[in-house]
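# Overview (structure and organization)
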Amino acid sequence: MPEAQHPATAGPLPPGAPPAPAAPPPAPSATRAAQAQAAQGTPAASLAPSVPPTPPVPLTALLAREDLALRRIAGPAAEDTVIHWAHTSEMADPYPYLLGGELLLTAGVHVPATAVADPAGRYFDGYVSRIVAAGGAALGFGLAPVHDTVPPALAAACDRHGLPLLEVPPQTTFSGVARAVWQLMAQARLAELRRVTEAQQSLAAAASRPDPVPSVLRRLAQRVDGRAVLHGPDGTEIAAAGREPAEQVRAALAELAAVVRPAPSDAPRPAPASATDTAGGSHLAAYALGAGRGFVLAVASPHRDPGDHTIASVAAVLLSLLTGEHQSGAGAARSSALVRLLLGAAPDEVAPLLGSGRWVVVHARPQAQAPDAVAASALGAALGSPLVDLADGVVRVLVPAGREPAAQPGWTLGVSAPAVPGDWPAADTQAARALARAHATRTALVRHGSRPGLAELVPPGEAEAHARALLAPIEAVPALTETLRTWLSLHGSWDRTAVALAVHRNTVRQRIARCAALLEADLDDPDVRMELWFALRRV
């Protein structure tokens, strides 16, 4: 049965009537300026045709379904054709009822007998031109009960207008074709969701690496199969990953980044949060990072899949966290604490500004390359503390004792025992020694031993006096004291001690021999080693 007439449109064409005038084609996709306007609140529907929330399916996937037995008999090859949905219509003019992207299914009920015999094919030419003007993706013609074969004039019109024409055999119902389209769309949607989820996980893992910004850009470039660039507030490229695009694309990407960069205070309207464009066959996108700090993520890719925007948005959020300083009440308290320390306040007086309780000091060193400020900040975020210091290739983090530091991928960590503010310098030394031990033993994380032992039974004053007297012969040479401490902590291993101290193993042997001579002690004796270790822990 023919469809009911839409109240706002003209009725179907009578048999033999000339085709209705072709409606103007849909407007081209929105330009960069229009899309920027959309980012500021203009409804997207006013700029471009609406699209379904699910990815389209290739027409080739539908043709590959053996249960449907569809056959392409006219029009261009199906490799580049995608289907957004299937729609059945027996209207002579289906234009008012199409949104674009449909596989239009018809049994030819609307085709007059005179049209089949018309050698000029005027009816079919008008019919196909209207489908193409409405954005139809393909036409499926069902055989039986009206037509035994596809009219040759229809195939010729599809060839002329570039519309793929499919033959639907009698045993295949239109509802079966529509169901197959939705099944393929559901599969594509599931695959796209899986791709987005995997990309989010890989981007989060990249953000925790010692080089988080380059790692996030590399993962993003891999996921979109293109180029990812981080632009600074002045427009320069801070970091980039992926294939180097053509100069035209690179210039357009930089220009697009300027569109979303924060506008001057006297600008008539604020800059959009994101913008898109195309150049040289590449799809471009730019995302403003943070709250007006001027950093911009720019992405160029050869195609634009439905999930690419979500993936790039996740990367933009991660880069915003990595490139920005979090401004809050806690940040003001940290600034106040720093000022007070610089003005001579004691740690005990400053500590309440940072939080109550005890703290642990963490020393960390990347396993691959030297750390930078961004990597240090990312490590602090992973450990749950913004109190981070980078100096001499080592990152130091002050962490509340309630947040137990855990091993971090790509890092070697040494963790002190919990300490009150007055004991922070001692905790700093503990963390440094723990890091040296972790580095020597190739362990991801080593904690300073805090379990009470027999040494706690000796009064502190007596213990310190005994330690100073015992170690007096080597006290004037700090290198000897530190070498002996490290050597004993590593159970007398020459190689591990050399690694921990970054010296040659022969140097370790010479220093230990010097210690034995000055102390007049047999360092192979376990009792001597125990007594020296007791003393070294008190100085």
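Read on for an overview of the structure. (Residues numbered from 1 in each chain as written. Predicted model: local features only at pLDDT ≥ 70, side-chain atom pairs only at ≥ 80, totals over all residues. Heavy atoms only, no water.)

## Section: the nonpolar core
- Counting residues in hydrophobic clusters, the biggest one holds 29 residues, and the most contacted among them are Val216, Leu217, Leu220, Leu297 and Leu319.
- Elements that contribute at least two residues to this core include exactly helix H6 (174-207), helix H7 (212-224), strand S8 (227-231), strand S9 (237-242), strand S11 (282-288), strand S12 (296-301) and helix H9 (308-323).
- Of all the elements, H9 adds the most residues to this core, at seven residues.
- In this structure Val216 touches Leu203, Ala206, Ala207, Ala315, Leu319 and Leu322, once residues within four positions along its chain are discounted.
- Listed in part, the 23 residues of the second largest apolar core include Phe141, Leu154, Leu163 and Leu165. (Core = buried A, V, L, I, M, F, W, Y, C linked by side-chain atoms within 4.5 Å. Buried < 20%, exposed > 50% of the residue type's maximum accessible area, 1.4 Å probe, protein only. Helix = DSSP H or I, 4+ residues; strand = E, 2+ residues; numbered from the N terminus. Contact = heavy atoms within 4.5 Å.)

## Considerations on the pairing of strand S15 (residues 394-400)
- Most of S15 is tucked away, with five of its seven residues classed as buried.
- Taken together, the six bridges between strand S13 (residues 359-366) and S15 define a ladder with antiparallel strand orientation. Note on S15: the bridge partner recorded for Val360 is Val399.
- In this structure, strand S14 (residues 388-391) lies alongside S15, joined through four bridges in antiparallel fashion. Pairing of Asp389 across the sheet is with Arg396, part of S15.
- Between S14 and S15, which pair antiparallel in sequence order, lie two residues; one of them, Asp392, sits at a positive phi of approximately 55 degrees. (Pairing = 2+ DSSP bridges.)

## Side note on the sheet that holds S12
- Read from one edge of the open sheet, five strands run S9-S8-S12-S11-S10, paired in antiparallel fashion. The sheet is open, and its two borders are formed by S9 and strand S10 (274-279), each paired with just one other strand. Pairwise comparison of adjacent strand axes, ignoring direction, gives a mean angle of 15 degrees for this sheet.
- With five bridges connecting them, S8 and S12 associate as antiparallel partners. Bridging across to S12, His231 finds its partner in Val296.
- Running over the sheet, helix H8 (residues 247-260) touches S8, S9, S10, S11 and S12 and is turned about 30 degrees from S11. (Axes fitted to C-alpha atoms, helices over the stretch in contact; angles between N-to-C directions.)

## What about the pattern of salt bridges?
- Considering all chains together, one arrives at 17 salt bridges under this definition.
- Arg65 serves as the salt-bridge partner of Asp67, at 3.0 Å between the closest nitrogen and oxygen.
- A relative accessible area of 53% means that Asp67 is categorised as exposed.
- Here Arg485 makes a salt bridge to Glu482, at a shortest N to O gap of 3.4 Å. With a gap of three residues between them, Arg485 and Glu482 both fall in helix H15 (residues 478-489), about one helical turn apart. (Salt bridge = Lys/Arg side-chain N within 4 Å of Asp/Glu carboxyl O.)

## Considerations on unusual backbone geometry
- Note the cis peptide between Ala144 and Pro145, where omega equals 5 degrees.
- Here Pro145 is to be found in the loop between strand S6 (138-142) and helix H5 (152-161).
- Phi angles above zero are rare outside glycine, and Asp225 is one such case at about 55 degrees.
- Mapped onto the elements, Asp225 comes out in the loop between H7 and S8.
- The class for Asp225 is partly exposed, based on a relative accessible area of 35%.

## Let's talk about the packing of aromatic side chains
- Applying the stated criterion across every chain, the model contains four aromatic pairs.
- Judged by centre distance (6.4 Å) and plane angle (10 degrees), the rings of Tyr123 and Tyr127 are stacked. Here Tyr127 and Tyr123 lie together in helix H4 (residues 122-133), a separation of four residues that amounts to about one turn.
- For Tyr123, a relative accessible area of 11% translates into the label buried.
- Judged by its relative accessible area of 3%, Tyr127 is buried.
- Plain terms: the ring middles of Trp359 and Trp424 are 6.0 Å apart, the flat faces sit at 85 degrees to each other, and that makes the pair edge-to-face. Of this pair, Trp359 sits in strand S13 while Trp424 is found in helix H13 (residues 424-441), placing the two residues 65 residues apart along the sequence. Each member of the pair, Trp359 as well as Trp424, carries the same accessibility label: buried. (Phe/Tyr/Trp six-rings, centres within 6.5 Å; stacked < 30°, edge-to-face > 60°.)

## With respect to H4
- The end-to-end C-alpha distance of H4, which contains twelve residues, comes to 16 Å, matching closely the 16 Å that a straight helix rising 1.5 Å per residue would cover.
- Of the surrounding elements, those touching the buried residues of H4 are strand S5 (102-106), helix H3 (113-117), S6 and H5.
- Directly beyond the C-terminal end of H4, a positive phi value near 90 degrees is found at Gly135. (Expected span 1.5 Å × (residues − 1).)

## Overview of the pairing of S9
- Bridge count between S8 and S9: five bridges; the pairing is antiparallel. Considered in S9, the bridge of Arg227 is made with Gly242.
- Hairpin connection of S8 to S9: five residues between the antiparallel strands, including Gly235 at a positive phi of 90 degrees.

## Some thoughts on the packing of H7 against H9
- It is the contact of H7 with H9, at a shortest axis distance of 10 Å, that shows an interaxial angle of 175 degrees. Overall, the two elements H7 and H9 adopt an arrangement that is roughly antiparallel. From H7, Pro212, Val213, Val216, Leu217, Leu220, Arg223 and Val224 reach across to H9, where they touch Asp308, Ile311, Ala312, Ala315, Leu319 and Leu322.
- Residues belonging to the contact of H7 with H9 are distributed by class as follows: eleven nonpolar, no polar and two charged. (Parallel < 35°, antiparallel > 145°, perpendicular 65-115°, else oblique. Nonpolar A, V, L, I, M, F, W, Y, C, P; charged D, E, K, R; others polar.)

## Things to note about H8
- With 14 residues, H8 ought to run about 20 Å at 1.5 Å a step, and its terminal C-alpha atoms sit 21 Å apart, in line with that.
- Residues of H8 that are buried include every one of Val249, Ala252, Leu253, Leu256, Ala257 and Val260, and no others. Considered in projection along H8, the buried side chains sweep an arc of 145 degrees and stay on one side of the axis. Residues of H8 that are exposed and point over 90 degrees away from its buried face: Glu247 and Gln248. (Arc of directions from axis to C-beta.)

## Description of the sheet that holds strand S7 (residues 165-168)
- Taken in spatial order, the five strands line up as S2-S7-S6-S5-S4 in an open sheet, and their pairing is mixed. Here the strands that pair on one side only, and so sit at the sheet edges, are strand S2 (71-74) and strand S4 (85-88). Geometrically, the sheet is characterised by an average inter-axis angle of 30 degrees between neighbouring strands, direction not taken into account.
- Bridging between S6 and S7 involves four bridges; their strand directions are parallel. Across the sheet, residue Phe141 finds its bridge partner in S7, namely Glu167.
- Across the sheet, H6 lies against S4, S5, S6 and S7, angled at about 165 degrees from S4, the strand it touches most.

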